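Each chain is listed here by its residues.
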Amino acid sequence: MTGIRKCVVLCCLLLTGLPGLLGCGSPSSDSGAQRPAASELVHQGRMELQYAENFAVDYYEGGYTMLTVKDDTKLLVVPEGKAAPDGLGEDVTILRRPVKKLYLAASAAMDMFDALDAVDTVAFSGVKEDGWYIASAKEAMENGDMVYAGKYSQPDYERIVSGGCPLAIENTMVTHSPEVIEMLGKFGIPVMTDYSSYESHPLGRVEWVKFYGALLGKEDEAEKIFARQLSILKDVEAEQKTDQTVAFFYITSNGLVQVRQSSDYVPKMIELAGGRYIFEGLGDADSHRSTVNMQEEEFYNGAKDADYIIYNSSIDGGVGTVAELLDKCAFLKDFKAVKEGNVFCTANDMYQQSMAIGYIIQDMHKMLSGQETGMKFLFRLKQEG
């Protein structure tokens with residue numbers, strides 16, 4: 001479809017008042033139910049959070065749930081058969097249960113939907129079928145139950161709008177494409193940004209499953225899922241600390257070495273696993289950037305004496321042997337970890353497995369303690385193919 005035709009179609013959708021574009025608080029969608037005043041909503045309590053700092057969930061009598069995220073986005077979830085309250089501020093988006101037909105551009109959140117058995121609530125994906133490592137998402141796209149609707153910076157507005165999407169869930173990269181938020185808003189589709197990547201504690205990221213549990217009315221399931229990850233962490237923390245040093249890195253296509261900022265969640269996982277990230281005080285914590293690019297010489301000087309090195313395979317598909325890694329970066333042959341055979345690689349799907357952080361910490365602890373049986377997301381590189 002040409003760009004002109006797409007523009008015409010989208011304009012027609014706006015003019016005809018497609019369902020979902022009538023406005024979140026439209027009386028026509030309340031089926032004649034009595035509309036309470038916002039001031040009459042009685043607050044019952046707030047969800048207890050242990051690590052997450054970038055969202056809140058408040059409960060009100062009658063089954064109403066208010067979700068608030070870091071940037072002050074507010075989502076009021078209205079129970080099925082109930083009316084949306086009158087007098088809510090313009091900054092409150094109203095969603096009605098059952099919540100479905102979502103556009104999910106925040107790919108890390110898909111694992112949470114999968115854990116909640118709620119992939120069927122996502123109709124529009126920001127990742128193509130061959131980009132998913134999560135089996136249920138890939139299967140949904142194969143079956144046509146979920147369709148590709150463009151990445152976060154280039155959504156397929158026509159598809160999303162005509163499909164009756166009530167909410168776009170974006171990752172923080174959308175802040176670099178404010179025109180996308182503006183355009184979705186013009187078509188009556190509110191945007192919520194997932195700030196799980198801003199959590200300082202690794203389990204703060206995992207705890208976002210409670211946010212999506214509250215959105216979908218699956219709080220009990222979310223609590224159980226989080227409790228399992230918390231239990232794994234407590235078991236690891238009960239073990240003896242090794243204080244061995246670890247470098248976590250990736251070789252970019254232009255020959256730079258990409259490492260994690262010291263404030264990032266990966267160094268924190270290494271610490272929780274009983275080790276110590278080799279780079280201390282690296283980067284600017286306030287920038288919320290995850291990575292820092294280094295020249296080879298700088299990386300060599302900082303990491304050559306690390307007890308373990310972990311190659312991040314999630315970007316380029318990884319390597320299978322130490323020889324393959326040395327083909328990418330020959331100077332690694334002088335590293336202590338290479339000489340001692342302590343070279344590991346991540347599984348390709350590590351970043352999409354947001355609900356597996358407890359297991360990744362467990363794998364790191366196994367690596368550091370020499371107990372590698374049962375690893376799920378790390379593996380030792382063989383010396384030869």
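Look up a bit, the structure's there.
Now for a look at the structure at hand.

The rules behind these values
Residues numbered from 1 in each chain as written. Predicted model: local features only at pLDDT ≥ 70, side-chain atom pairs only at ≥ 80, totals over all residues. Heavy atoms only, no water. Buried < 20%, exposed > 50% of the residue type's maximum accessible area, 1.4 Å probe, protein only. Helix = DSSP H or I, 4+ residues; strand = E, 2+ residues; numbered from the N terminus. Pairing = 2+ DSSP bridges. Expected span 1.5 Å × (residues − 1). Contact = heavy atoms within 4.5 Å. Axes fitted to C-alpha atoms, helices over the stretch in contact; angles between N-to-C directions. Salt bridge = Lys/Arg side-chain N within 4 Å of Asp/Glu carboxyl O. Phe/Tyr/Trp six-rings, centres within 6.5 Å; stacked < 30°, edge-to-face > 60°. Lys NZ or Arg CZ within 6 Å of the ring centre and 35° of its normal. Arc of directions from axis to C-beta. Parallel < 35°, antiparallel > 145°, perpendicular 65-115°, else oblique. Left-handed = near helix turned anticlockwise from the far one by under 90°. Nonpolar A, V, L, I, M, F, W, Y, C, P; charged D, E, K, R; others polar.

This part takes up the pairing of strand β3 (residues 64-69). Most of β3 sits inside the fold, with 6 of its 6 residues counted as buried. Residues Tyr64, Met66 and Thr68 point to one face of β3 and Thr65, Leu67 and Val69 to the other, with burial holding for every one of them. In this sheet, β3 lies alongside strand β2 (residues 55-60) in antiparallel orientation, the contact comprising 6 bridges. From the neighbouring strand, Val57 faces β3, where its bridge partner is Leu67. The hairpin formed by β2 and β3 contains 3 residues between the paired strands, and Gly62 there has a positive phi angle of roughly 90°. Relative to strand β4 (residues 74-78), β3 runs antiparallel, the two being bridged by 4 bridges. Each residue of the ladder has a partner; that of Thr68, found in β4, is Lys74.

This brings us to helix α8 (residues 219-237). With 19 residues, α8 should reach 27 Å at 1.5 Å per residue; the first-to-last C-alpha distance of 27 Å fits that figure. Taken together, the buried residues of α8 touch α2 (110-115), α6 (202-206), α7 (208-216), α9 (265-272) and α13 (357-369).

Taken in spatial order, the 5 strands make up an open sheet running β8-β7-β6-β9-β10, and their pairing is parallel. Two strands lie at the open edges of the sheet, namely β8 (147-148) and β10 (191-193), each paired on one side alone. Where strand β7 (residues 122-125) and β8 come together, 2 bridges link them in parallel fashion. Bridge pairing in β8 links Ser125 to Tyr148. Lying over the sheet, α7 contacts β6 (102-104), β9 (168-170) and β10, oriented at roughly 155° with respect to β10.

What follows is about unusual backbone geometry. Here the amide bond leading from Arg97 into Pro98 is cis, since omega sits at 0°, within 30 degrees of zero. Assignment of secondary structure puts Pro98 in the loop between β5 (92-96) and β6. Even without being glycine, Asp72 reaches a positive phi, approximately 70°. Tracing the sequence through the fold places Asp72 in the loop between β3 and β4. When its relative accessible area of 51% is taken as the criterion, Asp72 is described as exposed. Positive phi outside glycine occurs at Lys101, with the angle close to 60°. Mapped onto the fold, Lys101 is located in the loop between β5 and β6. We classify Lys101 as partly exposed; its relative accessible area is 40%.

Before going further, it helps to examine the sheet that holds strand β1 (residues 43-46). Taken together, 5 strands build an open sheet; the order of strands is β1-β2-β3-β4-β5 and the sheet is mixed. Looking at the sheet topology across the chains shown, the edges are occupied by β1 and β5. Each adjacent strand pair in this sheet contributes to an overall mean axis angle of 25°, direction not counted. On the sheet, α7 packs against β2, β3, β4 and β5 and is oriented at approximately 145° with respect to β3.

Here we come to the pattern of salt bridges. In the structure shown here, the tally under the stated rule is 12 salt bridges. In this structure, Asp305 and Lys304 form a salt bridge, with 3.3 Å as the shortest nitrogen-oxygen distance.

With that settled, the discussion passes to the packing of aromatic side chains. For the structure on display, the rule yields 19 aromatic pairs. Counting every residue linked through ring pairs, the aromatic cluster contains Phe249, Tyr250, Tyr277, Phe279, Phe299, Tyr300, Tyr311, Phe331 and Phe335. Across the ring face of Tyr265, the terminal group of Arg205 is positioned such that the distance to the ring centre comes to 3.6 Å.

Let's shift gears to helix α3 (residues 135-142). Within an α-helix, residues lying three or four positions from one another point in the same direction, as the helix has 3.6 residues per turn. Looking at α3, one finds that the buried residues are Ala137, Ala140 and Met141. Buried residues along α3 cover an arc of 95° about the axis, so they all sit on one side. Turned more than 90 degrees away from the buried face of α3, the exposed residues are Ala135 and Glu142. Check the buried side of α3 and you find it contacts α2, β7 and β8. Where α3 ends, the next residue or the one after it, Gly144, has phi of about 85°, a positive value.

Mapping Asn342 onto the fold places it in the loop between α12 (336-339) and β16 (343-346). Residue Asn342 is classed as buried on the basis of its relative accessible area, which comes to 12%. Not counting chain neighbours up to four residues away, the residues in contact with Asn342 comprise Asp307, Tyr308, Ile309, Ala337 and Arg380.

Turning next to the packing of α7 against α8. It is the contact of α7 with α8, at a shortest axis distance of 8 Å, that shows an interaxial angle of 165°. With respect to α8, the axis of α7 lies roughly antiparallel. Of the two elements, α7 crosses α8, and the hand of that crossing is right-handed. Touching Val209, Lys210, Gly213 and Ala214 of α7 are Glu219, Ala222, Glu223, Ile225 and Phe226, all from α8. Class assignment for the residues of the contact of α7 with α8 results in 5 nonpolar, 1 polar and 3 charged.

Keep in mind these values describe shape, not function.
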